[in-house]
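Residue-level listing of the chains:
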Amino acid sequence: MNNSQPLLRRLLIHKRPLHHHYYSSTPTPSALKPGTPIPGLSTILPPSKDPNDSTSPTAKPRSEYPSWVSELTNAPPTLAKLRNMKMEEASDQDMRRYLKLMRRNLIKENNAIAGI
């Protein structure tokens, strides 16, 4: 296959399946020091049955979390980076993200043309 073709065209030729979202667009919070109460979880977790126990969940040291938790703070690649990426270097996750961002741009362009 010719690698000079745009990535989108190469992806459409391969017909790779599209699945779930792997990246979040929400901003990543900064790391909390171990022992710091985690804000916002007291409204999600059920209250303790002991009325004297008013402790909220606290952050643990990094070593106590699974390895994938630290990957959550990595920013997803931008459309510009994905466009410049070679097909051989792109993972399936990168390819899905590229298609997602391209579809989003197409929707925005069509909405702008329609005056929405």
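So, how was this worked out
- Residues numbered from 1 in each chain as written.
- Predicted model: local features only at pLDDT ≥ 70, side-chain atom pairs only at ≥ 80, totals over all residues.
- Heavy atoms only, no water.
- Helix = DSSP H or I, 4+ residues; strand = E, 2+ residues; numbered from the N terminus.
- Areas by Shrake-Rupley, 256 points an atom, 1.4 Å probe, with all protein chains shown as cover.
- Expected span 1.5 Å × (residues − 1).
- Core = buried A, V, L, I, M, F, W, Y, C linked by side-chain atoms within 4.5 Å.
- Buried < 20%, exposed > 50% of the residue type's maximum accessible area, 1.4 Å probe, protein only.
- Contact = heavy atoms within 4.5 Å.
- pLDDT = per-residue confidence, 0-100.

Draft legend 1. Broad picture of the overall build of the protein chain. Per the secondary structure count, the protein chain includes four helices and zero strands. Seen in sequence order, the protein chain has helices and strands lined up from the N terminus as α-α-α-α. As displayed, the protein chain has an accessible area near 9,500 Å², and 56% of this comes from carbon and sulfur atoms.

Draft legend 2. Quick peek at helix α4 (residues 92-114). For α4, spanning 23 residues, the distance from its first C-alpha to its last is 33 Å, which sits close to the expected 33 Å at 1.5 Å a residue. Once α4 ends, the next one or two residues include G115, with phi positive near 80°.

Draft legend 3. Representation of the nonpolar core within the structure. Listed in full, the nine residues of the largest apolar core are L79, L82, M85, M87, A90, M95, Y98, L101 and M102. Looking at this core, the elements that each hand over two or more residues are α3 (79-84) and α4. The element contributing the most residues to this core is α4, with four residues. With residues near it in sequence (within four places) discarded, L101 still touches P77, T78, L79 and L82.

Draft legend 4. How the structure looks around the confidence of the model for the protein chain. Summarising the model, the protein chain shows a mean pLDDT of 76, and 65% of its residues fall at 70 or more. Within the protein chain, helix α1 (residues 7-14) has the poorest average pLDDT of any element, 52, and α4 the best, 94. A low-confidence stretch, residues 12-23 (pLDDT under 50), is modelled with 22 contacts involving residues beyond four sequence positions or located in other chains.

Draft legend 5. Main features of the environment of S56. Topologically, S56 is positioned in the loop between α1 and α2 (67-71). The spatial distance from the C-alpha of S56 to the C-alpha of L41 is 7.3 Å, given a sequence separation of 15 residues.

Draft legend 6. Region of interest: the environment of D94. Residue position: D94 is located in helix α4. Taking relative accessible area as the criterion, D94 reaches 13% and is therefore assigned buried. Measuring from C-alpha to C-alpha, the distance between D94 and T78 comes to 9.8 Å, with 16 residues separating the pair along the chain.

Draft legend 7. Highlighting the environment of P39. Within the secondary structure, P39 is located in the loop between α1 and α2. For P39, a relative accessible area of 64% corresponds to the exposed category. Between the C-alpha atoms of P39 and T58, which are 19 residues apart in sequence, the distance is 8.9 Å.

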